[in-house]
Amino acid sequence: MSTETNSLLEPKSTEQLLDAEKFLQAYRAMRTIRSFEDRISEQFMKGNIPGFLHLYSGQEAVAAGICLLLDDNDYVISTHRGHGHCIAKGADVGAMMKEIMAKQGGLCDGKGGSMHIADFDKGMLGANAIVGGGPPIIVGAALSAKTLGTDRVGVAFGGDGSSNQGTTFEAMNLAVVLKLPAIFLFENNGYGEGTHASYAVGSRDIASRAQGFGMPAYQVDGTDLFAVYETCRKAVEHCRAGKGPVTIEANVPRFKGHFEGDPQAYRGEQEVEKLMKDQDCLAIARARALKEKIVKAKDLDRVDQEVAELIEQATEAALAAPAPDDSELLKNVYSSAY
Ligand SMILES: Cc1ncc(C[n+]2csc(CCOP(=O)(O)OP(=O)(O)O)c2C)c(N)n1
């Protein structure tokens, strides 16, 4: 059993720079997530999206950073705030848009919607509305990877709120005991619905709590794509080498409310404005990449333009698509193929 308890590591993001290709890949993912969500927020207000929407806006560098290190064979499990994880893992944006609008051609035939979207072909095992539901699922996926002798890695995304769940504790302990290739990635955006983490998270921080289970744990500034990538690189390498699980706590801002329409009476408008001004991972990544001459501004502008066109097409296609036929209701409700 691993009892390795590294001291918490806080990479300062300079150890290994992303090259132009990797940076552009991550930037494209981040820009796609932001634009996709801006558009679905707008469509939600117009009444074109049924159900709830929980937006990932402000947290993009985390999904983009770790997914640079994963391929379709690796697993991720997501939360109710799952669009970013899905896009970064490579899901088709047009099919996602249709899914969220509950249309034919949706990624899950319109049956999952925003909170239960999944793409098994991409190793995206699903968004999960149960807080703390992801860690046990990823432990199962990681156990299958170890049993089958593959070098696949499983990543369970969760929020600060999920770090308090018993399911999370059991999953972490089992992953250590069985030395599984699982990464518990907590995106600490400071809030569980309207409750601040300083009130609800009992330990000094989430990472040190994870260390208590006997695994290495890192803390990282989740607004810094470079730092996220570097931290995740170490964690993924650790898992692929068969050394057991790792926890990463990424501190991130939440630009939106808990859900779209949340009046956010628990925090002032100025807090959000300040977060968006000072902690925008896209602006920070862009500024650094230009300063360090990793890419040129025109490369980034081109990505912005291509993403804008992609989102426009996806929205138009989803709006024009028909609703699923009634006869589809009971089809593919269970999967026996995975
Ligand atoms: C087991 C369970 N308890 C409560 C809820 C209601 N709920 C939905 S989201 C949420 C807050 C989650 O906070 P956090 O894990 O920090 O994620 P974030 O929303 O910040 O991304 C709660 C309590 C739920 N969905 N599942």
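Below you will find a few notes about this structure. Here the structure is a predicted model, which means the values were calculated and not measured. (Residues numbered from 1 in each chain as written. Predicted model: local features only at pLDDT ≥ 70, side-chain atom pairs only at ≥ 80, totals over all residues. Heavy atoms only, no water.)

**As for the site of the ligand**
Piece 1. For the ligand, the set of nearby residues contains 15 residues, the closest of which are His80, Arg81, Ala129, Gly161 and Tyr191.
Piece 2. For the ligand, an oxygen atom lies 2.7 Å from a polar atom in the backbone of Gly161.
Piece 3. Measuring from an oxygen atom of the ligand, one finds a backbone N or O atom of Tyr191 at 2.7 Å.
Piece 4. Classifying every residue of the shell around the ligand by side-chain character gives 4 nonpolar, 8 polar and 3 charged. (Near = heavy atom within 4 Å. Polar contact = N/O pair within 3.5 Å; in protein donor to acceptor, adjacent residues only side chain to side chain. Nonpolar A, V, L, I, M, F, W, Y, C, P; charged D, E, K, R; others polar.)

**Looking at helix H1 (residues 20–45)**
Piece 1. For H1, spanning 26 residues, the distance from its first C-alpha to its last is 37 Å, which sits close to the expected 38 Å at 1.5 Å a residue.
Piece 2. Just beyond H1, the residue with positive phi is Gly47, at close to 85 degrees. (Helix = DSSP H or I, 4+ residues; strand = E, 2+ residues; numbered from the N terminus. Expected span 1.5 Å × (residues − 1).)

**A look at the pairing of strand S6 (residues 217–221)**
Piece 1. Counting buried positions over the 5 residues of S6 gives 4, a clear majority of the element.
Piece 2. Each parallel crossover has a hand, and for S6 linked through helix H9 (residues 225–240) to strand S7 (residues 246–251) it is right-handed. (Buried < 20%, exposed > 50% of the residue type's maximum accessible area, 1.4 Å probe, protein only. Right-handed = clockwise from strand over helix to strand, strands pointing away.)

**Here's the deal with the packing of helix H4 (residues 93–100) against helix H12 (residues 297–320)**
Piece 1. Packing of H4 against H12 leaves a shortest axis separation of 9 Å and a crossing angle of 40 degrees. Compared by their axis directions, H4 and H12 come out oblique. Between H4 and H12 the crossing geometry is right-handed. Contact with H4, carried on its side by Val93, Gly94, Met97 and Lys98, involves Leu310, Ile311, Ala314, Thr315, Ala317 and Ala318 of H12 and no other residues of that element. (Axes fitted to C-alpha atoms, helices over the stretch in contact; angles between N-to-C directions. Parallel < 35°, antiparallel > 145°, perpendicular 65-115°, else oblique. Left-handed = near helix turned anticlockwise from the far one by under 90°. Contact = heavy atoms within 4.5 Å.)

**A closer look at the pairing of strand S3 (residues 182–188)**
Piece 1. Of all 7 residues in S3, 7 are buried, a share of seventy percent or more.
Piece 2. Along S3, one buried face is formed by Ala182, Phe184, Phe186 and Asn188 and the opposite face, lined by Ile183, Leu185 and Glu187, is buried too.
Piece 3. For strand S2 (residues 154–159) and S3, the ladder comprises 6 bridges, and the chain directions are parallel. Paired with Gly159 across the strands is Glu187, a residue of S3.
Piece 4. Of the crossover connections in this fold, the one passing from S2 over helix H6 (residues 166–177) to the parallel S3 is right-handed.
Piece 5. Pairing geometry for S3 and S7, over 6 bridges, is parallel. For Ile183, the partnering residue across the bridge sits in S7 and is Val246. (Pairing = 2+ DSSP bridges.)

**Description of the sheet that holds S2**
Hydrogen bonds between backbone groups are what pair the strands of a sheet, and the pairing can be parallel or antiparallel.
Piece 1. Taking strand neighbours across the sheet as the criterion, the 5 strands line up as S1-S2-S3-S7-S6 in an open arrangement whose pairing is parallel. Each end of this open sheet is capped by a strand with a single partner; those strands are strand S1 (75–77) and S6. If you compare each strand with its neighbour and ignore which way they point, the axes differ by 20 degrees on average.
Piece 2. Relative to S7, S6 runs parallel, the two sharing 5 bridges. Residue pairing in the sheet places Val220 in a bridge with Ala250 of S7.

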